[in-house]
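Structure at a glance
Single-letter residue listing:
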Amino acid sequence: MTLKKLSHWGLSLAMLGLFSCGNAGKTNVPKGKVSIIPMPVSVQEKADSFLLNKRTVIVASNEADKQTASLFNSWLKELAGYELQIAAQGDNNAIILHSAADSANAEGYTLDVNNKTVTINGNTSAGTFYGVQTLIQLLPVEKASEMYIPGADIKDQPRFAYRGLHLDVCRHFFPVDFIKKYIDLMAMHKFNTFHWHLTDDQGWRIEIKRYPRLQEVASKRKESMVGHYNDGKYDGKPYGGFYTQEEVKEVVKYAAEHFVTVIPEIEMPGHALAALAAYPNLGCTGGPYEVGTRWGVLDDVFCAGNDSVYTFLEGVMDEVLPLFPSKYIHIGGDECPKVRWQKCPKCQARIKALGLKDEHALQSYVIQRMEKYLNSKGRQIIGWDEILEGGLAPNATVMSWRGMEGGIAAAKQHHNVIMTPGSHVYFDHYQSKGKTEPLAIGGFTPVSKVYEFEPVPKELTAEEAKYIKGAQANLWSEYIGSTGHMEYMVYPRATALAEVLWSQPEKRDYNNFLDRLKLHVKRLDLKKVNYAKHVFEVMGNVDDNHKGGVEVKLDAKLDGGKIYFTTDSTAPTPQSTAYTAPVQIQQTSTVRAQVFQDGKPFGNEYSQHFLFHKGLGKKVTLNAPPDQAYNPGSSFALVNGIEGISSFNDNQWFGYKNGDMVAVIELDSIQDIRQVGMNTLNFKTNWIYPPKTVVFSVSEDGKQYKEVYKQSAFNQNGINQVRGNITPVRAKFVKMEAQRFGIIPAGGEGAGNPAWLFVDEMIIN
């Protein structure tokens, strides 16, 4: 090779970035990507990169930053097999951590990566910590002895001050090691509040030395429910567990090192059966009681007219407060039936002596009395939105779970609010319609629904919106008995919520999030997280085809995946029809689809049965929208050919609890009608009652209606299929009126609360 050709070859390599005197010359060294969750406020990528190797040092001057450096080293050791030296100074081949004291934006930070240094300037040590979490996401996910960190200039701070995850350890108990892992993952996603649900009907999980029977009796139950709540089956196996005060201190300290605040929840005045089993004198009837073995809302609660109850609760708090330095203590306040108070002489005497209006006002008295006690100890309370009933305690923060309404009401009263509506952030709900999904309580909350959650309601003014301090997801563990199952329910849904709470709303883009999630799940793999993979399966979106019918759009976010489908109920294979355009529904049939990668199926199969009828895809008008918790999002779901399933986790059911349902279908033309129908649910244990009556009427002009069918009996437990075969009648409009049951009677689950009305799929033939 001539000198001229050699020079030209070298120049060409240099131009390609494969030959240089800088760091970029190491072609076999993995390089990270700028793919960050949650999305920062500002990211500017740069051409140069930082080479991290064994000679790199971490510069940290204060103890908090040194602790953060150690946590970075723990991650690095998994990737590189070594830890970096933590030094007091350095300005070359160094990761420099510096924390200021900016209380206004305490969790903000800047991160600069160039070819000599990585510099993180935190507004406080918390900001530095979150800067390091971002730095970890700039590392490659491949294991190697040295690696490139891509050049970047990042400016970042959170949108909300409160970013929480909740964990119920009462229905099922989880060991300290798992609690620490839970906190690890929270910190990785920039959550900063761990809501620890420690007491409930089915178990008291925190040691209180003053009341030893809480450990001896209240922490144990004789058996647990198995299967769905409606099955009424039990395993016959004793179950128990509690955290010692030393273990609690260990968890709180560990959380503080990860800039996570632990807020304990001690339930009152409801969800108290476990405590009553230990100390029967605290209940209205005096017992005997036993620790709850079934889920749901139970009638026996703390006696609000008994002074010994307040002595007990204050004594519990006197031991709880030293363990938890948090500003807030959660006192529950939810789902407190009043049936015992209505018949209790002490409670009625208390109502009379205080001049209270009713038992709801008595609950407010309990909450306000405990708030005053905790305020005197320098703490403030958080309660579920039921604490609004009967008058809100003066300094209370409201956690709105029954939709957004409680939060809106509290914000308008200038109370701080944490949004946690069941519609979007209850992670005990199903996240897939796949037949292999583990048993869950109900509902349907996929990753996409979590990502679309907006914590600040449009009903609030700019001034009122300031009282929305953040949001959290709730993890109730009735159906979650293992750590692997818990991780499966939390991730990647918590990853989506992390971006909702940290990132600015204009930065949120679901498809972009999914692109970043493809890399992020490899970090979850490194942490050995049993995350759910539904988000990359084949998904079916049933929609109006704008031709008076219905079509199915199939999609999969898996890189390199191909979708094949069938419409004859057979299982799809790579020899089936390749998906290229929406599938048109032209007869009663079952669409099945599967994404294949390298010829092998990936994830759950999509399978949906469609019922073909005259109303399919036609225009529907509702008198009022369903409740937010059970709202398919469009009236189209009432005529999409999909019949809702009995576990009501498929986002098909229209749920009403505050009014009747009226729906009108408009057909293409006046035509013969021989059958009208709809489906409704009867699950009284879930507070779902069938309608009092269902009436169908028809009209040619949409003005004058004639009743053609009426039904008032719905005796089947579960789904009731209403099918009215009628004398043929000519009509263009079909009206369905379903009358809500009303208030749940005494003796029923949820007595005194509005019963739910569930309706799906209007059928016309």
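Here's a quick rundown of the structure. (Residues numbered from 1 in each chain as written. Predicted model: local features only at pLDDT ≥ 70, side-chain atom pairs only at ≥ 80, totals over all residues. Heavy atoms only, no water.)

A word on the overall build of the protein chain. Of the regular secondary structure elements, the protein chain holds 18 helices and 35 strands. In the protein chain, which comprises 765 residues, the proportion classed as buried is 58%. In the protein chain, of all internal contacts separated by at least 6 residues, the share reaching a separation of at least 24 is 71%. Of the accessible surface of the protein chain, which amounts to about 31,000 Å², a share of 50% is contributed by carbon and sulfur atoms. (Helix = DSSP H or I, 4+ residues; strand = E, 2+ residues; numbered from the N terminus. Buried < 20%, exposed > 50% of the residue type's maximum accessible area, 1.4 Å probe, protein only. Contact = heavy atoms within 4.5 Å. Areas by Shrake-Rupley, 256 points an atom, 1.4 Å probe, with all protein chains shown as cover.)

Let us now look at the packing of helix α10 (residues 345–354) against helix α11 (residues 359–376). Between α10 and α11, the least distance of the axes is 10 Å, while the angle of their chain directions is 85°. Compared by their axis directions, α10 and α11 come out roughly perpendicular. Within the contact between the two elements, α10 uses Cys347, Gln348, Arg350, Ile351 and Leu354 and α11 uses Glu359, Leu362, Tyr365 and Arg369. Classifying every residue of the contact of α10 with α11 by side-chain character gives 5 nonpolar, 1 polar and 3 charged. (Axes fitted to C-alpha atoms, helices over the stretch in contact; angles between N-to-C directions. Parallel < 35°, antiparallel > 145°, perpendicular 65-115°, else oblique. Nonpolar A, V, L, I, M, F, W, Y, C, P; charged D, E, K, R; others polar.)

As a further point, take the sheet that holds strand β5 (residues 109–113). Taken together, the 7 strands give an open sheet; going across it, the order is β1-β7-β5-β6-β4-β2-β3, and neighbouring strands pair in mixed fashion. In this open sheet, the two edge strands, each paired with only one partner strand, are β1 (42–52) and β3 (85–87). Strand after strand, the sheet turns through a mean of 20° between neighbouring axes, direction not considered. Sheet topology places strand β4 (residues 94–99) next to strand β6 (residues 117–122); 6 bridges connect them, and they run parallel. Across the sheet, histidine 98 pairs through a bridge with asparagine 121, a residue of β6. (Pairing = 2+ DSSP bridges.)

What follows is about α10. For α10, the complete set of buried residues consists of Cys347, Arg350 and Ile351. Angularly, the buried residues of α10 cover 100° about the axis, an arc narrow enough to put them on a single face. Along α10, the residues that are exposed and aim more than 90 degrees away from the buried face are Pro345, Lys352 and Ala353. Looking one or two places after α10, you find glycine 355, whose phi comes out positive at around 65°. (Arc of directions from axis to C-beta.)

With respect to the secondary-structure elements, tyrosine 488 resides in helix α16 (residues 483–490). By relative accessible area, tyrosine 488 is classed as buried at 16%. A sequence separation of 167 residues divides tyrosine 488 from leucine 321, and the C-alpha atoms of the two residues are 32 Å apart. Residues in contact with tyrosine 488, not counting those within four places in the same chain, are Gln431, Glu437, Pro438, Asn530, Tyr531, Ala532 and His534. In terms of polar contacts, tyrosine 488 uses its side chain to reach the side chain of glutamate 437, at 2.5 Å. (Polar contact = N/O pair within 3.5 Å; in protein donor to acceptor, adjacent residues only side chain to side chain.)

Moving on, we come to α11. Because each turn of an α-helix spans 3.6 residues, side chains separated by three or four positions end up pointing in the same direction. Taking 1.5 Å per residue as the helical rise, α11 with its 18 residues ought to reach 26 Å, and the 26 Å between its terminal C-alpha atoms agrees with that figure. Three or more residues of α11 are buried, namely Glu359, Ala361, Leu362, Gln363, Ser364, Tyr365, Val366, Ile367, Met370, Glu371, Tyr373 and Leu374. Capping the start of α11, aspartate 358 holds a side-chain oxygen 3.1 Å from the backbone nitrogen of histidine 360, two or three residues further along. (Expected span 1.5 Å × (residues − 1).)

The next thing to look at is the pairing of strand β35 (residues 757–764). When you tally the buried positions in β35, you get 8 out of 8 residues, the bulk of the element. Strand direction decides the pairing type here: strand β30 (residues 654–656) and β35, joined by 3 bridges, are antiparallel. In the sheet register, tyrosine 656 faces β35, and the bridge partner there is leucine 757.

Structurally, the position occupied by isoleucine 387 is in the loop between β18 (380–384) and β19 (397–400). By relative accessible area, which is 2% here, isoleucine 387 ends up buried. Spatially, the C-alpha atoms of isoleucine 387 and alanine 361 are 9.9 Å apart, while their sequence positions differ by 26 residues. Not counting chain neighbours up to four residues away, the residues in contact with isoleucine 387 comprise Ile331, Gly332, Gly333, Ile367, Leu392, Ala396, Thr397 and Val398.

Applying the stated criterion across every chain yields a total of 33 salt bridges. Between arginine 163 and glutamate 107 there is a salt bridge, with its nearest N and O atoms 2.9 Å apart. Of the two residues, arginine 163 is situated in strand β8 (residues 162–168) and glutamate 107 in the loop between β4 and β5; the sequence distance between them amounts to 56 residues. On the basis of relative accessible area, arginine 163 is assigned to the buried category, the value being 1%. The partner of glutamate 290 in a salt bridge is lysine 222, with the nearest N and O atoms 3.6 Å apart. Here the residue glutamate 290 occupies a position in the loop between α7 (273–278) and α8 (307–320), and lysine 222 occupies one in the loop between β12 (220–221) and β13 (225–226), the gap between them amounting to 68 residues. In the salt-bridge network here, residues are joined through shared partners; they are Asp168, Arg171, Asp200 and Glu478. (Salt bridge = Lys/Arg side-chain N within 4 Å of Asp/Glu carboxyl O.)

It is worth spelling out the sheet that holds strand β24 (residues 562–566) at this point. The strand order β25-β24-β27-β28 describes an open sheet built from 4 strands, whose pairing is antiparallel. Each end of this open sheet is capped by a strand with a single partner; those strands are β25 (577–578) and β28 (600–610). Sheet topology places β24 next to β25; 2 bridges connect them, and they run antiparallel. Within β25, the position partnered with tyrosine 564 by the bridge is alanine 578.

Right, let's get into the pairing of β4. Summarising burial for β4: 5 of the 6 residues are buried, a large majority. Judged from the 3 bridges that link them, strand β2 (residues 57–59) and β4 form a sheet pairing that is parallel. If you follow isoleucine 58 over to β4, its bridge partner there is isoleucine 95.

When you line up the elements, glutamine 675 lands in strand β31 (residues 661–682). Given a relative accessible area of 17%, glutamine 675 falls into the buried group. A polar atom in the side chain of glutamine 675 sits 3.1 Å from the side chain of asparagine 725. Engagement of the side chain of glutamine 675 in a polar contact is seen with the side chain of asparagine 765, the distance being 2.9 Å. Look past the residues within four positions of glutamine 675 in its chain and what remains in contact with it is Arg723, Gly724, Asn725, Ile726, Ile763, Ile764 and Asn765.

What follows concerns the packing of aromatic side chains. Under the criterion given, the structure shown has 31 aromatic pairs. Seen in terms of ring centroids, tyrosine 279 and phenylalanine 312 are 6.0 Å apart; in terms of plane orientation they differ by 50°. Their pairing is tilted. Of this pair, tyrosine 279 sits in the loop between α7 and α8 while phenylalanine 312 sits in helix α8, and the two are 33 residues apart along the sequence. Just as tyrosine 279 is buried, phenylalanine 312 falls in that class too. Taken together, the ring pairs in this structure connect Phe173, Phe174, Phe178, Tyr182, Phe194, Trp196, Tyr243 and Phe324 into an aromatic cluster. Above the plane of the ring of tyrosine 451 lies arginine 508, whose end atom (NZ or CZ) is 5.7 Å from the centre. Lying across the ring of tyrosine 689, lysine 684 places its NZ or CZ 5.2 Å from the centre. (Phe/Tyr/Trp six-rings, centres within 6.5 Å; stacked < 30°, edge-to-face > 60°. Lys NZ or Arg CZ within 6 Å of the ring centre and 35° of its normal.)

A few words now on the nonpolar core. Counting residues in each nonpolar core, the largest one holds 207 residues, and the members touching the most others are Leu52, Phe72, Trp196 and Phe312. Ranked by the residues each element gives to this core, the list is headed by helix α4 (residues 176–188), at 9 residues. Here phenylalanine 312 is in contact with Trp204, Tyr211, Leu214, Ala275, Tyr279, Leu282 and Phe302, once residues within four sequence places are set aside. (Core = buried A, V, L, I, M, F, W, Y, C linked by side-chain atoms within 4.5 Å.)

A few words now on unusual backbone geometry. Put simply, methionine 268 and proline 269 share a cis peptide bond, and its omega is -10°. Look at the link from tyrosine 491 to proline 492: it is a cis peptide, with omega at 10°. Looking at the secondary structure, you find proline 492 in the loop between α16 and α17 (493–502). Positive phi is not limited to glycine here, since glutamate 335 has a value of about 45°. By the secondary structure assignment, glutamate 335 is in the loop between β17 (328–332) and α9 (339–343). Phi at histidine 414 takes a positive value of approximately 65°, unusual for a residue other than glycine. Mapped onto the fold, histidine 414 is located in the loop between α12 (405–412) and β20 (417–419).

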